[in-house]
Amino acid sequence: MSENKSETPLLDQLEEGAWPSFVKEIKMAAKKSPMAKDLLGQLERSYKEKISHWKHGGIVGVMGYGGGIIGRYSDLPEKFPGVSHFHTLRVNHPSGWFYKTDALRKICDIWEKHGSGVTNMHGSTGDIILLGTKTDELEPIFAELQKIDFDLGGSGSDMRTPSCCVGQARCEWACYDTMKACYDFTTTYQDELHRPAFPYKFKFKFSGCPNDCVASIARADLSVIGIWRDAIQMDKEAVKEYAASGLDIGRDVAERCPAKCMEWDGKELKIDNQYCRHCMHCINAMPKALSPGKDRGATILLGSKAPIVEGALLSSVLIPFVKMEPPYQEIKDIIAKIWDIWSEEGKNRERVGEFIQRVGLGNFLDAIGLEPQPEMVAHPRENPYVFYEEYFEEDGQEQGK
């Protein structure tokens, strides 16, 4: 590291306050890693000049894989040679982020040997993020990760690493086994994960209930959110206990129901389940008294994204209810049709949600062979001046009327 290498006044400010600081962590790594030392120097310069000194150049990866590594180079290699190459590896995490400490120690040992020692647990997709290594170290890192049964995740225009909540492993509200589904989809689509072939990225996220603890409805191209389709289970005695303990069930539960399907008369709670929107509010408020119904499965939603190329999108309902039982073939058949039409007709860097907006939901549903359903409608149409074509069969032919 060159000029003013120990002077980082702007970065030092980020160590102030009660919250943990990434600067403090990089400084700890810098005690052993020249790469981390030069990282501090370049970051300080970027903060001072208010421009980034990182550049993306060329394609970098490991043999046989097109994804999993994000190439990054410094545009100041003479001043900060330690970060002249500073590539990021995405490592596929275990479902639900359950690790043994021994596995984490092995990953850290590999990274301290071949990289900067700086990590991010975890990236927004879910991967273990290993920040900063040189091109010549990529193959040795990959080989050592394979020896401890870890694989690279997704990057680029491919299927990104699927992620899920802890599901039935630790959550009583989970309506299906999220970890089993996540692992199944990860292994099923290995080729799509490692070899980019899509117009842009495609993310799976699995949430066990509508609380959606992995925020799939906002971040996943295909969201699988646990749901039930029968009545909410109720323990009436437990409801009375909540009331006796001081909970204002009328104000804090019934009146805050978005569907207004609950009624509390001071003694008994009534739920009109046909209007329930499955928002989980009442269950979260009285977890000992209420729980999801027994007929459980998932709602499949499609099309969310963050505001990178265009504006943010939330997922829309694609399949209102499906039983989540291996091998999940009904969902996989739909995924194949979605990928076929999107890969054929999608524009470069166009997420599937943007593609649907461009071609229209009706055309998209027709292309993948799904019948329109009321649950797919975000809100009633606002323009009454819409004309529909009516079709009838005559002599085996469909004709417009």
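Here the structure is a predicted model, which means the values were calculated and not measured.

Reading guide: rules and limits
Residues numbered from 1 in each chain as written. Predicted model: local features only at pLDDT ≥ 70, side-chain atom pairs only at ≥ 80, totals over all residues. Heavy atoms only, no water. Pairing = 2+ DSSP bridges. Helix = DSSP H or I, 4+ residues; strand = E, 2+ residues; numbered from the N terminus. Contact = heavy atoms within 4.5 Å. Axes fitted to C-alpha atoms, helices over the stretch in contact; angles between N-to-C directions. Nonpolar A, V, L, I, M, F, W, Y, C, P; charged D, E, K, R; others polar. Salt bridge = Lys/Arg side-chain N within 4 Å of Asp/Glu carboxyl O. Buried < 20%, exposed > 50% of the residue type's maximum accessible area, 1.4 Å probe, protein only. Arc of directions from axis to C-beta.

S.K.: What should I look at first to understand the sheet that holds strand S9 (residues 222-228) in this one?
M.R.: Strands belonging to one sheet form pairs held by backbone hydrogen bonds; the direction of such a pair is parallel or antiparallel. With mixed pairing, five strands are arranged side by side in an open sheet as S7-S8-S9-S14-S15. At either margin of the open sheet sits one strand with a lone partner, and together these are strand S7 (163-164) and strand S15 (316-322). Bridge count for strand S8 (residues 204-207) against S9 is four bridges, and the pairing is parallel. Paired with Phe206 across the strands is Val224, a residue of S9. Across the sheet, helix H6 (residues 178-188) touches S7 and S8, and the angle it forms with S8 is around 165 degrees.

S.K.: How should the packing of helix H2 (residues 22-30) against helix H3 (residues 34-49) be read in this particular structure?
M.R.: The interhelical angle for the contact between H2 and H3, taken along N-to-C directions, is 145 degrees, at an axis separation of 7 Å. Counted together, Phe22, Ile26, Lys27, Ala29 and Ala30 of H2 and Ala36, Lys37, Leu39, Leu40, Leu43 and Tyr47 of H3 form the full contact between these two elements. For the contact of H2 with H3, a count of residues per class yields nine nonpolar, no polar and two charged.

S.K.: I'm lost on the pattern of salt bridges in this one. Help?
M.R.: Side chains carrying opposite charge are able to pair once their charged atoms draw close together. Taken as a whole, this structure holds 19 salt bridges when the rule is applied. Between Asp252 and Arg256 there is a salt bridge, and its shortest N-O distance comes to 3.8 Å. On the accessibility criterion, Arg256 (52% relative accessible area) is exposed. Shared partners join several salt bridges into a network, and the residues in it are Asp248, Arg251, Asp252 and Arg256.

S.K.: Which parts of the structure should I look at to understand helix H5 (residues 138-147)?
M.R.: Side chains that are three or four residues apart share a direction in an α-helix, a result of its 3.6 residues per turn. Along H5, the residues classified as buried are Leu138, Ile141, Phe142 and Leu145. Viewed end-on, H5 has its buried residues packed into an arc of 100 degrees, placing them on one side of the element. On its buried side, H5 packs onto strand S2 (69-70), strand S4 (88-91), helix H4 (101-114) and strand S6 (128-133). After H5 finishes, the residue Asp149 shows a positive phi value of roughly 70 degrees.

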